[in-house]
Amino acid sequence: MAQTTPGGAPLLEVRNLKVEFPTRRGTLVAVDDVSFAIAPGEVLGVVGESGAGKSLTGAAIIGLLEPPGRIAAGQVLLEGARIDNLPPEAMRKIRGRKIGAIFQDPLTSLNPLYSVGRQLIETMQTHLDISAGAAKQRAIELLQSTGIQAAQQRIEHYPHQFSGGMRQRVVIALALAAEPKLIIADEPTTALDVSIQAQIIALLKKLCREHRTAVMLVTHDMGVIAETADRVAVMYAGRIVEIGPVADVIHRPEHPYTVGLMGSIPSLVTETERLAQIDGAMPRLNAIPAGCAFNPRCTRVFERCRSERPNLIPVNTTQAACWLHAR
Amino acid sequence: MSALPAGLSPSAAPASGPAAADGRAPAPLVDLTDVAKYFDVSAPWLNRVLERQGRRLLHAVDGVTFQIHAGETLALVGESGCGKSTIARLIVGLYAPTRGMIRFDGQDTSILRAAAGRTLRRRLQMIFQDPYASLNPRWTVGDIVAEPIRAHELIQDKAAVLDRAGELLSHVGLAAADREKYPHQFSGGQRQRISIARALASNPEFLVCDEPTSALDVSVQAQVLNLMKDLQRELKLTYLFISHNLAVVHHIADRVGVMYLGRIVELADKRTIFGAPQHPYTRMLLDAVPDLNMTGKSRTPVAGEVPNPLNPPSGCTFHPRCPHANERCKTEIPLLKQAPAGGEVACHAIEERRI
Amino acid sequence: MASVRILGRFQDAWDSDVAHSFRNSPITIVAAIALAICLIAAGFAPWLAPHNPFDLKTLNLLDALTPPAWIQGGKAMFPLGTDDQGRDLLSAIMFGSRVSLVVGLVSVFFAMLIGVSLGLLAGYAGGKTEAFIMRVADVQLSFPAILIALLISGVARAAFPGEAQDQLAIVVLVIAISLANWVQYARTVRGSTLVEKNKEYVQAARVIGIHPVAIMFKHVLPNALGPVLVLATINIATAIITEATLSFLGVGVPPTEPSLGTLIRVGNDFMFSGEWWVTVFPGSALVVMVLSVNLLGDWLRDALNPKLR
């Protein structure tokens, strides 16, 4: 897949990533054999329902898996070098300097005891060779570029003095402070109101284009993906079931799950009496069916789906893990 | 489940639009007149005295008037803090209104909070947002669903109560044998089905649905929305549907009320709201929804955020974010009036034909 | 059919997370075994104890202050030695633990009853009822538990004639310890009630039209009770210590029917005259009992806390 990425060498490459949770009732595999690549400046959307493993994939890449979760197999390569086996201290240096993170709740990324200016300046001084004065100047510019009015004064304010939308802007500024090459944004707009969501998405897009920062955008909201991403990976029960250019996946989905997912989103334009629905629910991690994990809910299931697990198969412009597309 | 009883033709089902279509308006099922709810969020008495502060009132709902007709679905949309959930709780009697009158089938609903309201209580039920918090974790599903039956003594025989609970469960797409299980054994979508079964147990006519699908994944949301539509058709239910998701509202509602900071700013049938939105806030909201067909393109997002409801702007509370605001908007609160393009709108600019 | 269901229940209990965390905690298992020994020794003291320390006919003053059996001068029939009146210490400890355990359990039960009821009422009713109950609790909390217990037993001593005193001693002790401890329960239950009553399942019950009192007992109370059980376990240890302290100070149970505290007080006089065993063994028994209860309580707190799982 990395070879098919447009624009030369990938910035981030994930190869056969497997994330496990050992429990006393056996080992749960939350992310299974996930491979993808992100090119410099590219926005990859990762979409899926809760429990599909999309957030864990992001957490595994930045080395923030909550124990007992662990990377059981596979590799994560940043600019060609492995980062999944680095000691915690080295990984901490990479976080912030090379990979920035934005989470759903802005408060988890901000220290309530420090002013936002101090947090921005500290982040820059930790990772960049920059004087205190220059860092402060840059912090003000960054806040301004995220659309925060009167950045000169606001820089002295503490996180609780900002509204929810403004906090997420501060978090974006913080993620960009050390000019990382990649940002992992995990549901960055889920906690925000609709009108604020649109602002934050536009801001994220604008800044990443300006800084040529690549983004891995994890969300359950297909609309956000449609507006923001270049490519999209659809995850189901710990695996990528379809990956490809965003317009193709949305308008011509090849995997039955993606087809069902797209059909179940109510539209603002067309009126339908009934939504297309996928019956059943995503399997729990301890009861993932044999063969294709989607087979019990699939309307086009046949014998092979129940016994053999499909890998990604190229179909037109996308790749889908579905036996329907096997020759 | 989804199949209609044989012989029930679509024309025999209640008209989905407002029943006023034939010109002679029947009495509405639910009727709110100038309803307001203020919450006292003052500091404790001693702090107020020491810090010389007055009482602080949060105007969660501030003068709301609307009707819901039998058989229709009215949706209320708005961003957080607009008062839509407060209206839901006012109607079912969880809160007492500070001002105004709520009538259900002609009766004042203030009796809901007294013993005399028992018969009325049976006729209106509520579905909540969080499928994990809305079921008592220590009760079996059968007991949860049977609770309204037992509370209203609808069925006396003990075995018959359990049979009815099983019947309700299979009605919402679960198995009757699920009675024995506990809520934690079910997924979010299944729990929401249990909630719906409980709400239906007392054979209500009217359901208040407070963001019933916003905690669910899209594919599960589709299942629950389909179920709710099927049940409405089959049982001739009337819905008040509260949501922040405009696409969901577009799918399920017949009429839509758009709320902003405790007031309804636009109230019209679905086609008007989505086809020809009039109030600047409605337009802004619709514009903010990410569109699946807009891949890669960017829109000009609207500026500003919802102000603090404790300290709302003067006049029209939307004026600081409104591109059409003038002096009058800053001082005078606009009232909900018949709009030229249909429905009702609370906007000076539209009234003055400036937009 | 029924037996299958019971077996299934047992299987569920064995598989549950609580049971699993118990099996994986050796300290907890040791504590549970130690406590079980204490409970059996105390519960079956009349049948298990080698002597009846209250039967004056069997006491022989010549046996007084016999050292433990393994020390020179010790006798096999008195494994842990005897006290100044020739009572077998092992038997005295077994009978003494009975009093200590009964006082501990009963006083915790009453403290729980008062505290849970008032806490539930305060949390659910709110307003002035809540303010009144919680202010009383605050006042109560500003006195140390021992002081309250001393006060109550002092008043009881003054109010009742000498003979009744001995009979009433344990009752007074239980009341004193219960009154000193209810506040913790009230605060805990009020806190969890405030959390639970705003949950949607309680609102759903209100919409259905369930009576507030029924909501309180059928919905809120069962869900607010978890932390109370943990608190109660740990408080049994505290209550046993309070009883021992009061008895040590001489306001507890009388020496004719000694509890562990009374035994320690009596033995204290011989501490420095070489007869250390008279106080060290009852003391050790108290430590083992309290420590094992505390360890079990700590484990229960962690096992029931979903965040630590």
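None of these values were measured; they are calculated from a predicted model.

How each quantity is defined
- Here the residue numbers are simple positions, counted from 1 along each chain's written sequence.
- In the order they appear in the text, chains get letters beginning with A and ligands get numbers beginning with 1.
- With the structure being a predicted model, the display of local features is reserved for residues of pLDDT at least 70 and the display and counting of side-chain atom pairs for 80 or more, all residues being used for whole-chain, interface and lining totals.
- Remark: hydrogens and water are excluded; side-chain values derive from all non-hydrogen atoms of the structure.
- Strands here mean DSSP runs of E at least two residues long; helices mean DSSP runs of H or I at least four residues long; both are numbered from the N terminus.
- Whether two residues touch is decided by their heavy atoms; if any such pair falls within 4.5 Å, the residues are in contact.
- With residues, only the protein chains shown are counted as cover, and all accessible areas are computed by Shrake-Rupley using a 1.4 Å probe.
- Each residue is placed in one exposure class: buried if its accessible area under a 1.4 Å probe, protein chains only, is under 20% of its type's maximum, exposed if it is over 50%, and partly exposed if it falls in between.
- For this count, His and the chain ends are skipped, Lys and Arg are scored as positive, and Asp and Glu as negative.
- What counts as a salt bridge is simple: a side-chain nitrogen of Lys or Arg found within 4 Å of a carboxyl oxygen of Asp or Glu.
- In protein, a polar contact requires one atom able to donate a hydrogen and another able to accept it; more generally it is a pair of N or O atoms within 3.5 Å, and residues adjacent in sequence count only if both atoms are side-chain atoms.
- Any two strands are treated as partners once DSSP identifies two or more bridges connecting them.
- Note on definitions: angles span 0 to 180 degrees between N-to-C directions of axes, and those axes are lines fitted to C-alpha atoms, for helices only across the stretch in contact.
- Two rings belonging to Phe, Tyr or Trp (six-membered ring only in the last case) form a pair when the distance between their centres is within 6.5 Å. Interplanar angles under 30 degrees mark stacking, angles over 60 mark edge-to-face geometry, and anything in between is tilted.
- The term nonpolar core refers to a set of buried residues drawn from Ala, Val, Leu, Ile, Met, Phe, Trp, Tyr and Cys, joined through side-chain atoms within 4.5 Å.
- Throughout, the accessible surface (probe 1.4 Å) given up by two parts as they are put together, summed over both, is called the buried area.
- Residues are sorted three ways: Asp, Glu, Lys and Arg are charged, Ala, Val, Leu, Ile, Met, Phe, Trp, Tyr, Cys and Pro are nonpolar, and all the rest, Gly among them, are polar.
- Note on patches: the residues involved have over 30% relative accessible area and no salt bridge, like charges join within 9 Å, and the nonpolar side chains Val, Leu, Ile, Met, Phe, Trp and Tyr join within 5 Å.
- Each residue carries a pLDDT score, the predictor's confidence in it, ranging from 0 to 100.
- Helices are assigned an expected span. That span is 1.5 Å times one less than the residue count.

Asker: Mind showing me how you'd approach the overall build of chain C here?
Answerer: Scanning chain C for helices and strands turns up 13 helices and zero strands. When the elements of chain C are put in sequence order from the N terminus, they spell out α-α-α-α-α-α-α-α-α-α-α-α-α. Taking contacts inside chain C between residues at least 6 apart in sequence as the whole, the part at least 24 apart equals 70%. If you sum the accessible surface of chain C, you get close to 15500 Å²; carbon and sulfur atoms cover 70% of it.

Asker: Teacher, can you tell me more about the side chain of Glu 243 of chain C here?
Answerer: Residues and elements named next belong to chain C. Looking at the secondary structure, you find Glu 243 in helix 11 (residues 226–249). For the buried Glu 243, no salt bridge exists, and the shortest N-O distance to an oppositely charged side chain is 9.6 Å, to Arg 265. Of note is the side chain of Glu 243, whose polar atom sits 2.8 Å from the side chain of Ser 247. Among residues more than four places away in sequence, those in contact with Glu 243 are Ser 100, Val 103, Leu 173, Ile 177, Val 253 and Ser 259.

Asker: Help me understand the sheet that holds strand 11 (residues 313–315) of chain A, please; the structure alone is not making it clear to me.
Answerer: Hydrogen bonds between backbone atoms are what pair the strands of a sheet, whose relative direction is either parallel or antiparallel. All names here are of chain A. Sheet architecture is open: eight strands sit in the order 6-7-8-3-9-10-12-11, paired in mixed fashion. Each edge of the sheet is formed by a strand with only one pairing partner; in this case those strands are strand 6 (99–102) and strand 11. Neighbour to neighbour, the strand axes of the sheet diverge by 20 degrees on average, direction disregarded. Bridge analysis of strand 3 (residues 43–47) against strand 8 (residues 214–219) gives five bridges, and the strand direction is parallel. If you follow Gly 45 over to strand 8, its bridge partner there is Leu 217. Running at roughly 145 degrees to strand 8, helix 1 (residues 54–61) makes contact with strand 3, strand 6, strand 7 (182–186), strand 8 and strand 9 (231–236) of the sheet. Taken strand by strand, helix 11 (residues 256–263) contacts strand 9 and strand 10 (239–245), and its axis lies near 100 degrees from that of strand 9.

Asker: Mind showing me how you'd approach the packing of aromatic side chains here?
Answerer: Ring pairs (aromatic) are described by centroid distance and by the angle formed between their planes. Scanning the model with the defined rule gives 14 aromatic pairs over all chains in all. With centroids separated by 5.1 Å and ring planes inclined at 80 degrees, the aromatic side chains of Phe 39 of chain B and Tyr 95 of chain B adopt a geometry described as edge-to-face. Within this pair, whereas Phe 39 of chain B is found in strand 1 (residues 30–40), its partner Tyr 95 of chain B is found in the loop between helix 2 (84–91) and strand 4 (99–104), the two being separated by 56 residues in sequence. By relative accessible area, which is 23% here, Phe 39 of chain B ends up partly exposed. Since its relative accessible area comes to 27%, Tyr 95 of chain B is described here as partly exposed. Between Phe 22 of chain C and Trp 299 of chain C the ring centres are 5.3 Å apart and the planes differ by 65 degrees, which places this aromatic pair in the edge-to-face class. Placement of Phe 22 of chain C in helix 2 (residues 17–23) and of Trp 299 of chain C in helix 13 (residues 277–304) is noted, with a sequence separation of 277 residues between them.

Asker: I tried to follow the nonpolar core on my own but got confused; where do I start?
Answerer: Membership of the largest hydrophobic core comes to 100 residues, with the highest contact counts inside it found for Leu 12, Phe 36, Ile 61, Ile 99, Leu 120 and Leu 143 of chain A. With eight residues, the single largest contributor to this core is helix 7 (residues 164–176) of chain A. Contact partners of Leu 143 of chain A, with chain neighbours within four places excluded, come to Val 116, Leu 120, Ile 148, Ala 151, Ile 155, Val 170 and Ala 173 of chain A. Membership of the second largest hydrophobic core comes to 62 residues, among which are Val 116, Ile 215, Leu 246 and Phe 270 of chain C.

Asker: Is there a simple way to explain the pairing of strand 4 of chain B in this structure?
Answerer: For a regular strand, side-chain orientation follows a simple rule: the groups alternate between the two sheet faces. All names here are of chain B. The pairing of strand 1 with strand 4 spans five bridges and is classified as antiparallel. Looking across to strand 4, one finds that Leu 32 is bridged to Ile 102. Here strand 4 pairs with strand 5 (residues 107–108) via two bridges, running antiparallel. Its bridge partner lying in strand 5, Phe 104 is registered against Gln 107. With antiparallel pairing between neighbouring strands as the criterion, strand 4 and strand 5 make up a hairpin whose turn holds two residues, including Asp 105 at a positive phi of roughly 50 degrees.

Asker: Explanation requested: the pattern of salt bridges in the structure shown.
Answerer: As a working rule, side chains carrying opposite charge can pair if their charged atoms are close by. Residues and elements named next belong to chain A. Within this structure, the stated rule accounts for 49 salt bridges over all chains. Between Glu 20 and Arg 70 there is a salt bridge, with its nearest N and O atoms 2.9 Å apart. Residue Glu 20 is located in strand 1 (residues 12–23), and its partner Arg 70 is located in strand 4 (residues 70–78); the two are separated by 50 residues in the primary sequence. For Glu 20, a relative accessible area of 12% puts it in the buried group. With relative accessibility at 40%, the residue Arg 70 sits in the partly exposed group.

Asker: In this structure, what is going on with the interface of chain B and chain A? I would like to understand it.
Answerer: Facing the 50 residues of chain B at the interface are 44 residues of chain A. Carbon and sulfur atoms make up 52% of the surface buried where chain B meets chain A, a total of about 3700 Å² over both sides. The interface formed by chain B and chain A holds five salt bridges in total. Close ionic contact of Arg 274 of chain A with Asp 230 of chain B constitutes a salt bridge, the shortest N to O distance being 2.8 Å. When contributions to the side of chain B that touches chain A are tallied by element, the ones reaching two or more residues are helix 7 (218–235), helix 8 (246–252), helix 9 (270–275) and helix 10 (280–288) of chain B. Looking at the side of chain B that touches chain A element by element, the count peaks at eleven residues for helix 7 of chain B. Per-class residue counts for the side of chain B that touches chain A are 21 nonpolar, 17 polar and twelve charged.

Asker: It is not clear to me how the environment of Ser 247 of chain C should be interpreted in this structure. Could you clarify?
Answerer: All names here are of chain C. As for its placement among the helices and strands, Ser 247 is situated in helix 11. Spatially, the C-alpha atoms of Ser 247 and Ser 100 are 10.0 Å apart, while their sequence positions differ by 147 residues. For Ser 247, the residues in contact, after removing those within four places along its chain, are Gly 252, Val 253, Ser 259, Gly 261, Thr 262 and Arg 265. There is a polar contact of 3.4 Å between the side chain of Ser 247 and the side chain of Ser 259.

Asker: What is the right way to look at the sheet that holds strand 2 (residues 26–38) of chain A in this model?
Answerer: Read from one edge of the open sheet, four strands run 2-1-4-5 (chain A), paired in antiparallel fashion. Since the sheet does not close on itself, it has two edges, and those belong to strand 2 and strand 5 (81–82) of chain A, each with one partner.

Asker: Explain a nonpolar patch on the surface to me, please; I cannot follow it from the model alone.
Answerer: Residues and elements named next belong to chain C. Taken together, the side chains of Val 102, Leu 105, Val 106, Phe 109, Phe 110, Leu 113, Ile 114, Val 171, Ile 175 and Leu 179 make up a nonpolar region of the molecular surface, amounting to roughly 800 Å² of accessible area. For the nonpolar patch, the elements supplying multiple residues, two or more each, are helix 5 (89–125) and helix 8 (162–197). In this fold, Leu 105 is placed in helix 5.

Asker: How should the confidence of the model for chain B be read in this particular structure?
Answerer: The pLDDT averaged across chain B works out to 86; a share of 90% of its residues lies at or above 70. Of the regions scoring below 50 in pLDDT, residues 1–22 of chain B engages in 23 contacts with residues more than four places distant in sequence or in other chains.

Asker: I keep staring at the pairing of strand 7 (residues 206–210) of chain B and nothing clicks. Help me out?
Answerer: Residue and element names in this part refer to chain B. In terms of burial, strand 7 is largely enclosed, as five of its five residues are buried. Residues Phe 206, Val 208 and Asp 210 point to one face of strand 7 and Leu 207 and Cys 209 to the other, with burial holding for every one of them. Note that strand 7 and strand 8 (residues 238–243) share five bridges and pair parallel. Within the sheet, the bridge partner assigned to Val 208 lies in strand 8 and is Leu 240.

Asker: It is not clear to me how helix 5 (residues 158–171) of chain B should be interpreted in this structure. Could you clarify?
Answerer: Given 3.6 residues per turn, any residue in an α-helix points the same way as the ones three and four places further on. All names here are of chain B. Here helix 5 is 14 residues long and its end C-alpha atoms lie 20 Å apart, about the 20 Å a rise of 1.5 Å per residue gives. Every buried residue belonging to helix 5 is among Val 161, Arg 164, Ala 165, Gly 166, Leu 168 and Leu 169, and all of these are buried. Backbone geometry just after helix 5 places Gly 173 at a positive phi near 90 degrees.

Asker: How should the environment of Ala 169 of chain C be read in this particular structure?
Answerer: Residue and element names in this part refer to chain C. Within the secondary structure, Ala 169 is located in helix 8. Given the relative accessible area of 8%, Ala 169 is considered buried. Residues Ala 169 and Asn 24, 145 residues apart in the sequence, show an inter-C-alpha distance of 42 Å. For Ala 169, the residues in contact, after removing those within four places along its chain, are Gly 252, Val 253 and Pro 254.

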